[in-house]
Amino acid sequence: MANPLENRFAPTDIALAERYLDHDAPTEIDPRIERLVNDLIGRIADKWTLLVLEELEEKGVMRFTEIGRAVEGISQKMLTQTLRQMERDGLLIRTVHPVVPPRVDYALTPLGNSLSAAFCGVWVWAERHLDTVEAARAAFDARD
């Protein structure tokens with residue numbers, strides 16, 4: 001049976017994510033890495049960034065309005081802020097074409113593509129633990 005995650009991620013990304021999930025975390029964490037992770041989690045792991053990242057990963061180059069239509073519920077202001085922050089972090093490139101009316105395209109950089117691959121681990125984890133999480137939620141909700 002085919003792995004449904006392969007529709008979203010490359011088999012090599014899935015294998016790498018599974019390898020990390022199957023090993024214990026290191027005992028010592030470099031404080032610079034910890035600071036970077038803490039800094040980026042607040043900006044990158046927000047709902048909108050992940051949804052924009054997913055759309056750009058799946059569709060490649062997109063225009064502002066295309067991203068806005070694809071990411072349900074995002075306002076123009078939030079989309080603008082999200083795209084600017086992603087550009088600042090080096091996750092995407094914004095290309096302005098000198099035409100009338102102006103045309104602006106957005107595409108992931110190799111760094112953005114690698115972040116998308118890194119989130120493959122979340123999908124692998126969710127696939128492995130879906131039943132357990134649903135059972136825990138049902139048990140919690142039944143307590144009331």
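Criteria and cut-off values
Residues numbered from 1 in each chain as written. Predicted model: local features only at pLDDT ≥ 70, side-chain atom pairs only at ≥ 80, totals over all residues. Heavy atoms only, no water. Helix = DSSP H or I, 4+ residues; strand = E, 2+ residues; numbered from the N terminus. Buried < 20%, exposed > 50% of the residue type's maximum accessible area, 1.4 Å probe, protein only. Contact = heavy atoms within 4.5 Å. Core = buried A, V, L, I, M, F, W, Y, C linked by side-chain atoms within 4.5 Å. Pairing = 2+ DSSP bridges. Axes fitted to C-alpha atoms, helices over the stretch in contact; angles between N-to-C directions. Salt bridge = Lys/Arg side-chain N within 4 Å of Asp/Glu carboxyl O. Phe/Tyr/Trp six-rings, centres within 6.5 Å; stacked < 30°, edge-to-face > 60°. Lys NZ or Arg CZ within 6 Å of the ring centre and 35° of its normal. Patch = residues over 30% accessible without salt bridge, like charges linked within 9 Å, V, L, I, M, F, W, Y side chains within 5 Å. Areas by Shrake-Rupley, 256 points an atom, 1.4 Å probe, with all protein chains shown as cover.

Novice: What should I look at first to understand the overall build of the protein in this one?
Specialist: Assigned secondary structure in the protein consists of seven helices and three strands. When the helices and strands of the protein are placed in sequence order, the string is α-α-α-β-α-α-β-β-α-α. Here the protein, with 144 residues, has 24% of them falling under the buried criterion. Long-range contacts, defined here as pairs at least 24 residues apart, represent 57% of the contacts in the protein between residues at least 6 apart.

Novice: Mind showing me how you'd approach the nonpolar core here?
Specialist: Nonpolar side chains tend to gather and get buried jointly when the protein is soluble and globular. Membership of the largest hydrophobic core comes to 18 residues, with the highest contact counts inside it found for Val52, Leu56, Ile67, Leu83 and Tyr106. Ignoring anything within four residues of it in the chain, the contact list for Leu56 reads Met62, Ile67, Leu92, Tyr106, Ala107 and Leu108.

Novice: What should I look at first to understand the pairing of strand S3 (residues 103-108) in this one?
Specialist: Each regular strand shows side chains that alternate between the opposite faces of the sheet. Summarising burial for S3: five of the six residues are buried, a large majority. With two bridges connecting them, strand S1 (residues 62-63) and S3 associate as antiparallel partners. Residue Arg63 lies in a different strand from S3, and its bridge partner there is Asp105. Two elements, strand S2 (residues 92-97) and S3, share six bridges in a ladder whose sense is antiparallel. Bridging across to S3, Leu92 finds its partner in Leu108. Counting the residues that bridge the hairpin from S2 to S3 gives five residues.

Novice: Looking at this structure, how should I read the sheet that holds S1?
Specialist: Two modes of strand pairing occur in sheets, parallel and antiparallel, and in both the strands are linked by backbone hydrogen bonds. If you walk across this open sheet you meet the three strands as S1-S3-S2, and the pairing is antiparallel. At either margin of the open sheet sits one strand with a lone partner, and together these are S1 and S2. Where helix H3 (residues 47-59) meets the sheet, it contacts S1, S2 and S3, and its direction lies at approximately 90° from that of S3. Of the strands in this sheet, S2 and S3 are in contact with helix H5 (residues 76-88), which crosses S2 at around 110°.

Novice: Even after reading the chapter, I still don't get the pattern of salt bridges, so can you show me in this structure?
Specialist: For side chains bearing opposite charge, pairing can occur when the charged atoms are close. The final tally for this structure, using the stated rule, is two salt bridges. Linking Glu55 and Lys59 is a salt bridge whose minimum nitrogen-to-oxygen distance equals 2.4 Å. Of this pair, Glu55 and Lys59 both sit in helix H3, four residues apart, roughly one helical turn. In this structure, the salt-bridge partner of Asp105 is Arg103, at a minimum N-O distance of 3.0 Å.

Novice: Just to check I follow, could you spell out unusual backbone geometry for this structure?
Specialist: One can expect most non-glycine residues to show negative phi and most peptide bonds to be in trans. Residue Pro101 is bonded to the preceding Val100 through a cis peptide linkage, with omega at -5°. Examined against the element boundaries, Pro101 turns out to sit in the loop between S2 and S3.

Novice: What is the right way to look at the packing of aromatic side chains in this model?
Specialist: Remark: the centre distance and the inter-plane angle together describe each pair of aromatic rings, the angle taken between the planes. Under the criterion given, the structure shown has zero aromatic pairs. Above the plane of the ring of Trp48 lies Lys47, whose end atom (NZ or CZ) is 4.6 Å from the centre.

Novice: Quick question: what am I supposed to make of a nonpolar patch on the surface here?
Specialist: A grouping of Ile29, Ile33, Val37 and Ile41 is seen on the molecular surface, where their side chains present a nonpolar patch of about 370 Å² in accessible area. With respect to the helices, strands and loops of the structure, Ile33 is situated in helix H2 (residues 31-44). Overall, the relative accessible area of 48% leaves Ile33 in the partly exposed class.

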